[in-house]
Each structure stands twice: as structure tokens, then as C-alpha cells.
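# An overview of the molecular structure
In case you want the letters, here they are:
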Amino acid sequence: MIIATASDHGGFQLKEAVKEHLKSRENVEVLDLGTFSEESVDYPQYGEACARAVAEGKADLGIVCCGTGIGISIAANKVKGVRCALAVTPFMAEMAKRHNDANVLALGGRVLEEEEALRLVDIWLDTDFEGGRHQRRVDRLNDL
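Residues numbered from 1 in each chain as written. Predicted model: local features only at pLDDT ≥ 70, side-chain atom pairs only at ≥ 80, totals over all residues. Heavy atoms only, no water.

In helix packing, the relevant descriptors are the interaxial angle and the interaxial distance, both defined with respect to the helix axes. Where helix α4 (residues 90-98) contacts helix α5 (residues 114-126), the two axes come as close as 8 Å, and the packing angle between them is 25°. By the angle class used here, α4 and α5 are roughly parallel. Judged by the sense of rotation from one axis to the other, the crossing of α4 with α5 is right-handed. Packed against α4, whose contacting residues are Pro90, Ala93, Glu94, Ala96 and Lys97, the element α5 presents Glu116, Arg119, Leu120, Ile123, Trp124 and Leu125 at the interface. Partitioning the contact of α4 with α5 into residue classes produces 7 nonpolar, no polar and 4 charged. (Axes fitted to C-alpha atoms, helices over the stretch in contact; angles between N-to-C directions. Helix = DSSP H or I, 4+ residues; strand = E, 2+ residues; numbered from the N terminus. Parallel < 35°, antiparallel > 145°, perpendicular 65-115°, else oblique. Left-handed = near helix turned anticlockwise from the far one by under 90°. Contact = heavy atoms within 4.5 Å. Nonpolar A, V, L, I, M, F, W, Y, C, P; charged D, E, K, R; others polar.)

Pasting the structure below:
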């Protein structure tokens, strides 16, 4: 499985931790789309890059980080075919996949402790989409 990562400067340190954590999982290849330092950059560029990688099939899933996770999730969701969910609790990470089949996860580097963020990543990755009644809702999202 290929997981794309991207961040702005506010999410850079968290993205680096997520990358290392992903590399410790079996059968995961990381595609790092930047940024590559804490120098100030614009989050839409990186949210879009990760989202396009997922939408175009260059990555199976994506994880994006900015200061709060909000801005970069908005950017990622502008790309057709992407369902980016911001998670700050374990329940949100689980439901993002179980009910919404989120193919991109957004995290906030300035609002989450690293250990908790990595826990959210694992929950999201280890949760399956339920399908059923949720499939028609996801189909409607995809049609927007």
C-alpha cells in the first residue's frame, strides 16, 4: 500500500513522525510530497498535491498535516474523488473510515500530541469501511 503524506510548516514535524511511523508498518510505502522544512509555505499547495496523488491512483491513501488540520483538509476536499476527514479523537478516526470511507486523513500538528496523532493514524488504517447504508452516502459525496 502506498500512503502519500504532505504538510505545511505547521504540520511538518507531525508529518515527519507520521512518515516514520508508517514505515514501521508492514507493506506500507510512503510517498512524501512535502514540505521538507519548517519554512513558511501555503497549505493549499500541499493538501492538493496529496489529494491529487490519491485521486489519480498514485497513492492508495493520504495523510495531510497543518497547524490545526482544518485548512489542509479543506484544500484536499476540493479535489474530486477525495474524502478527507479531520480527526482529533479516536472515535473520529474510526468513523472517518467506517462510515465515510475517508481516503485522506487530516491531522493538526499544533493541536495533537505526537503519540495521540500516531494512535489516530493506526485506528484509521486498521478500520474497514462498513459499506451498506453508508455506501449510498459515500456515492453521493463522490457525485458532488
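Moving on, we come to the pairing of strand β1 (residues 2-7). Burial analysis of β1 places 5 of its 6 residues in the buried class, the great majority of the element. Note: β1 against strand β2 (residues 29-32), 4 bridges, orientation parallel. Residue pairing in the sheet places Thr5 in a bridge with Asp32 of β2. Handedness of the β-α-β unit built from β1, helix α1 (residues 12-23) and β2 comes out right-handed. (Buried < 20%, exposed > 50% of the residue type's maximum accessible area, 1.4 Å probe, protein only. Pairing = 2+ DSSP bridges. Right-handed = clockwise from strand over helix to strand, strands pointing away.)

The next subject is the pattern of salt bridges. In a structure, side chains of opposite charge can pair up when their charged atoms sit close to one another. For the coordinates displayed, the defined rule picks out 12 salt bridges. Across the pair Arg98 and Glu94 runs a salt bridge whose closest N-O atoms are separated by 3.0 Å. On the criterion of helical spacing, the pair formed by Arg98 and Glu94 is a turn pair, its members being 4 residues apart in helix α4. Under the relative-accessibility criterion, Arg98 is labelled partly exposed at 24%. Each of Lys15, Glu16, Lys19 and Asp32 takes part in one network of salt bridges that share partners. (Salt bridge = Lys/Arg side-chain N within 4 Å of Asp/Glu carboxyl O.)

The 5 strands are arranged β2-β1-β3-β5-β4 in an open sheet whose pairing can be described as parallel. Two strands in the sheet have a free side with no partner beyond their single neighbour: β2 and β4 (84-86). Averaged over all adjacent pairs, the angle separating strand axes in this sheet is 25°, with direction ignored. Strand direction decides the pairing type here: β1 and strand β3 (residues 61-66), joined by 5 bridges, are parallel. Along β3, the bridge assignment pairs Ala4 with Gly62. Seen against the sheet, α1 touches β1, β2, β3 and β5 (104-108) and runs at an angle of roughly 165° to β1. The sheet strands contacting helix α2 (residues 43-55) are β1, β2, β3 and β5, and the helix crosses β3 at an angle near 170°.

Okay, the side chain of Thr5 next. Examined against the element boundaries, Thr5 turns out to sit in strand β1. Note on Thr5: relative accessible area 1%, which makes it buried. Among residues more than four places away in sequence, those in contact with Thr5 are Lys15, Lys19, Leu22, Val30, Leu31, Asp32, Leu33, Gly34, Cys50 and Ile63.

As a further point, take the nonpolar core. In this structure, Val18, Leu22, Ile63, Leu107, Val121 and Trp124 are the most contacted members of the largest nonpolar core, which totals 22 residues. Of all the secondary-structure elements, those providing two or more residues to this core are α1, β3, α4, β5 and α5. Ranked by the residues each element gives to this core, the list is headed by α5, at 6 residues. (Core = buried A, V, L, I, M, F, W, Y, C linked by side-chain atoms within 4.5 Å.)

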